[in-house]
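The chain contents come next:
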Amino acid sequence: VQLQASGGGLAQAGGSLRLSCAASGRTFSRSATGWFRQVPGKEREFVAAISWNSGSTNLANFVKGRFTISRDNAKNSVYLQMNSLKPEDTAIYYCAVDSRQFGAPTVASYDYDYWGQGTQVTVSS
C-alpha cells in the first residue's frame, strides 16, 4: 500500500482545512486507517482513526468536536476535516494504514504498517 497525503497548508486560528490521503493497493478498503501528527522534536501522536467500513471511529480528546475522519473506499481515500483550528494543531500530519484486515481503528502507531509522506499544517494565531 502506498499513501499520498495532501491538503495541508496555512490557516488562521479558527479556520478549517481538509486533509486527504489517497491509497493504492487492494487491501485499503479492508483496513483501518489513521491520522497522526508530529512536531519536530516531539513524538508522533495519534489524531484519528476509522475502521475499514466507517463503522467506528476513534478520535484523540484534543480534536473531539473539531476534527472529523471519514473515508471513501470507492476512491481509496481517507479524509480529515479539521475545523476550529488552533495554533497548537501546527504539525506534520501523516496518514497510515493497518495491514490487518477488518481490524479496529487503534490509537497506537505501531499498529500501522504503511505511512504516507506527511503534509504540513500551519495554523497562525
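The model shown is predicted, which means the values in this text are computed figures rather than measured ones.

Calculation criteria
- Residues numbered from 1 in each chain as written.
- Predicted model: local features only at pLDDT ≥ 70, side-chain atom pairs only at ≥ 80, totals over all residues.
- Heavy atoms only, no water.
- Helix = DSSP H or I, 4+ residues; strand = E, 2+ residues; numbered from the N terminus.
- Rg over C-alpha atoms; globule rule 2.2 N^0.38 Å.
- Buried < 20%, exposed > 50% of the residue type's maximum accessible area, 1.4 Å probe, protein only.
- Contact = heavy atoms within 4.5 Å.
- Areas by Shrake-Rupley, 256 points an atom, 1.4 Å probe, with all protein chains shown as cover.
- Lys, Arg positive; Asp, Glu negative; His and termini not counted.
- Charge placed at Lys NZ, Arg CZ, Asp CG, Glu CD.
- Pairing = 2+ DSSP bridges.
- Axes fitted to C-alpha atoms, helices over the stretch in contact; angles between N-to-C directions.

Draft legend 1. Here's a closer look at the overall build of the chain. Check the secondary structure of the chain and you find zero helices and 11 strands. For the chain, the sequential pattern of α-helices and β-strands runs β-β-β-β-β-β-β-β-β-β-β. A compact globule built from 125 residues should have a C-alpha radius of gyration of about 14 Å, and the chain, at 13 Å, falls within 12% of that. Across its three principal axes, the chain shows a C-alpha extent of roughly 40 × 25 × 25 Å. For the chain, the proportion of its 125 residues judged to be buried stands at 42%. For the chain, the share of sequence-separated contacts (at least 6 apart) that also reach a separation of at least 24 residues comes to 58%. Carbon and sulfur atoms make up 47% of the accessible area of the chain, which totals about 6200 Å². Here the chain contributes 12 positive and 8 negative side-chain charges, whose respective centroids are spaced 6 Å apart.

Draft legend 2. View of the pairing of strand β9 (residues 91-101). Note: strand β4 (residues 31-38) against β9, seven bridges, orientation antiparallel. Directly across from phenylalanine 36, in β9, lies its bridge partner tyrosine 94. Bridge count between β9 and strand β11 (residues 119-124): three bridges; the pairing is antiparallel. By the bridge assignment for β11, tyrosine 93 is matched with threonine 119. Across two bridges, the pairing between β9 and strand β10 (residues 114-115) is antiparallel. The partner of alanine 96 across the bridge, within β10, is tryptophan 115.

Draft legend 3. Structural context of the sheet that holds strand β7 (residues 67-72). Taken together, four strands build an open sheet; the order of strands is β1-β3-β8-β7 and the sheet is antiparallel. Every other strand in the sheet has two partners, leaving β1 (2-6) and β7 as the edge strands with one partner each. Here the strands of the sheet are splayed against their neighbours by 15° on average, with no regard to which way each runs. Of the strand pairs in this sheet, strand β3 (residues 17-24) and strand β8 (residues 77-82) are connected by six bridges, and their pairing is antiparallel. Residue leucine 17 lies in a different strand from β8, and its bridge partner there is methionine 82.

Draft legend 4. A look at unusual backbone geometry. Backbone geometry at serine 84 places phi at a positive 50°, although glycine is not the residue there. If you trace the backbone, serine 84 turns up in the loop between β8 and β9. Although it is not a glycine, phenylalanine 102 sits at a positive phi angle of roughly 60°. Examined against the element boundaries, phenylalanine 102 turns out to sit in the loop between β9 and β10.

Draft legend 5. The arrangement of the environment of glutamine 4 in detail. Mapped onto the fold, glutamine 4 is located in strand β1. Between the alpha carbons of glutamine 4 and cysteine 21 there is a distance of 5.4 Å; along the sequence they are 17 residues apart. Apart from the residues lying within four places of it in its own chain, the contact partners of glutamine 4 are Ser20, Cys21, Ala22 and Gln117.

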